[in-house]
Amino acid sequence: MAQHVEAMKMTVNDATDLPIIVIGNGPVGLRVAEELQKSQSDTPLLIFGEEPHEPYSRLRLSSWLAGDTDWFGLMRPMSALEPEGVQQRIGYRVVSLTPAEKTVTDDSGATWGYRKLVLATGSSAHVPRIPGVQLPGVYRFHGLDDAMALLARRAGSHHSIIVGAGLLGLEAARGMQRLGTRVTVIDHADRLLPMQLDERGSAYLEYELGQLGIALLLGCGVVQVLGAERVQGVRLRDGTEIPCDTVIMATGIRPNIDLAKKAGLSCRRGIRVDDGMRTSDPEIYAVGDCAEHREQMYGLLEPGLEQAAVAAAGISGSGGTYDGSIASSQLKVMGTSVFSVGPMGISARRHYGRSYRYSDSQHGIYRKILVHRHRLVGAIGIGKWTETDRLRTHIENHGWVMPWQVPRFLPCGHLWRKEN
């Protein structure tokens, strides 16, 4: 082992062979590597992945837990990387980086020099500090190890409580219900998917989930997990106690920025970056969940992929500018299509623009558009909506809403004329 480490340390002093290092082998980190391989095929790449697994699709975890995809579907190749010139350190965590020396050290004790460094360290599950949260029977749902633990637990759970009605919470509810387990979703917010939906859109989705047997308790947060040696229930803010044998915390994410902070990089909520995705050290870039751009953090895949392309362009010398992203989600919740783009959730500014709605309760359809100064700035859709791609593009391009489009939308739910 000592000889192996010495051999790796020697690469630090060989400036001609220094790789571009990417810390993080999730979709965003791999996208950086792909783009760099296209533009700089002769430059060696070194990719660190902390989890002891081959790269997998985090977006497919809920489908795997629910039985909609198999292990091969989950572990489907995540990138188009050519193996030549690429080294992957899977199962190794980078424990320190020294910008002055342009080196990183992993948990095996090996030190590696870099030409440029990309931090794609992602995020971790946020678990609130409430009494009892450390009890056996409390789970998270963020990575593959979490999903494996829930898969093992699902068969023995009679009543699972999901704390959090966001996307992760609803995905966990879907997966845990597969074997007939009783499932209750609890959130302190007054709606489902609070970052994506308004109250009326949530009501439509609540009905669909109720039809599937998912119990919902909104506007009443959990303040304590009950039990002596393992989970026996939860206590709500109003004092109500609900018996259960499993609690799943789906209460958001926190960016992984400790490595950057210890190295002296400028951090706020995330690792602060400029429009080229460079950190306070111009040789180090940050992308994805860990990056904070213009005081904004997205926690979504598409903005991370956009940032990855800009960072790769900057490293390759072709230049690139990231102007920010419009928050957009298009997903399936318990089989129901949900679409949201722009400032439409609980954090949206009041009295911003004018909204128009179309609904068809018989078919479970709800649509809403938000118009500000005659431009389309946001949209929500529950149920199938063929215009979603066009809506997203129109919003990204600051497209106009013509005077005749709103009268068309109100009775039929379409902003554009249907094509035959």
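Bear in mind that the values here come from a model prediction, so they are computed numbers and not experimental data. (Residues numbered from 1 in each chain as written. Predicted model: local features only at pLDDT ≥ 70, side-chain atom pairs only at ≥ 80, totals over all residues. Heavy atoms only, no water.)

Q: Can you explain the sheet that holds strand S5 (residues 103-106)? Please cite residues and give values.
A: Strands sit in the order S4-S5-S6 across an open sheet of three strands; the sheet is antiparallel. In this open sheet, the two strands that pair with only one neighbour each are strand S4 (94-98) and strand S6 (111-113). Strand-to-strand, the axes of this sheet are offset by a mean angle of 25 degrees, without reference to chain direction. In terms of strand pairing, S4 meets S5 through four bridges, oriented antiparallel. Across the sheet, Leu97 pairs through a bridge with Val104, a residue of S5. (Pairing = 2+ DSSP bridges. Helix = DSSP H or I, 4+ residues; strand = E, 2+ residues; numbered from the N terminus. Axes fitted to C-alpha atoms, helices over the stretch in contact; angles between N-to-C directions.)

Q: Which residues make up unusual backbone geometry, and what are the values?
A: In this structure, Met334 takes a positive phi of about 55 degrees despite not being glycine. We note that His351 has phi near 60 degrees; this positive angle belongs to a residue other than glycine. Position of His351 among the secondary structure elements: in the loop between strand S22 (336-341) and strand S23 (354-360). The exposed category is assigned to His351, whose relative accessible area is 82%. (Buried < 20%, exposed > 50% of the residue type's maximum accessible area, 1.4 Å probe, protein only.)

Q: Account for empty space enclosed by the protein, with residues named and values stated.
A: Overall, the coordinates contain one cavity of 30 Å³ or more when judged by the stated rule. Roughly 30 Å³ of internal volume is contained in the largest cavity. Around the largest cavity, the lining residues are Gly288, Asp289, Tyr298, Gly299, Leu300, Pro303, Gly304 and Gln307. Here the residues of the lining of the largest cavity are counted per class, giving three nonpolar, four polar and one charged. (1 Å grid on protein atoms, 1.4 Å probe; cavity = no way out; pocket = protein on both sides within 12 Å on 5 of 7 lines; lining within 4 Å. Points joined across faces, edges and corners; volume = space filled by probe spheres on them. Nonpolar A, V, L, I, M, F, W, Y, C, P; charged D, E, K, R; others polar.)

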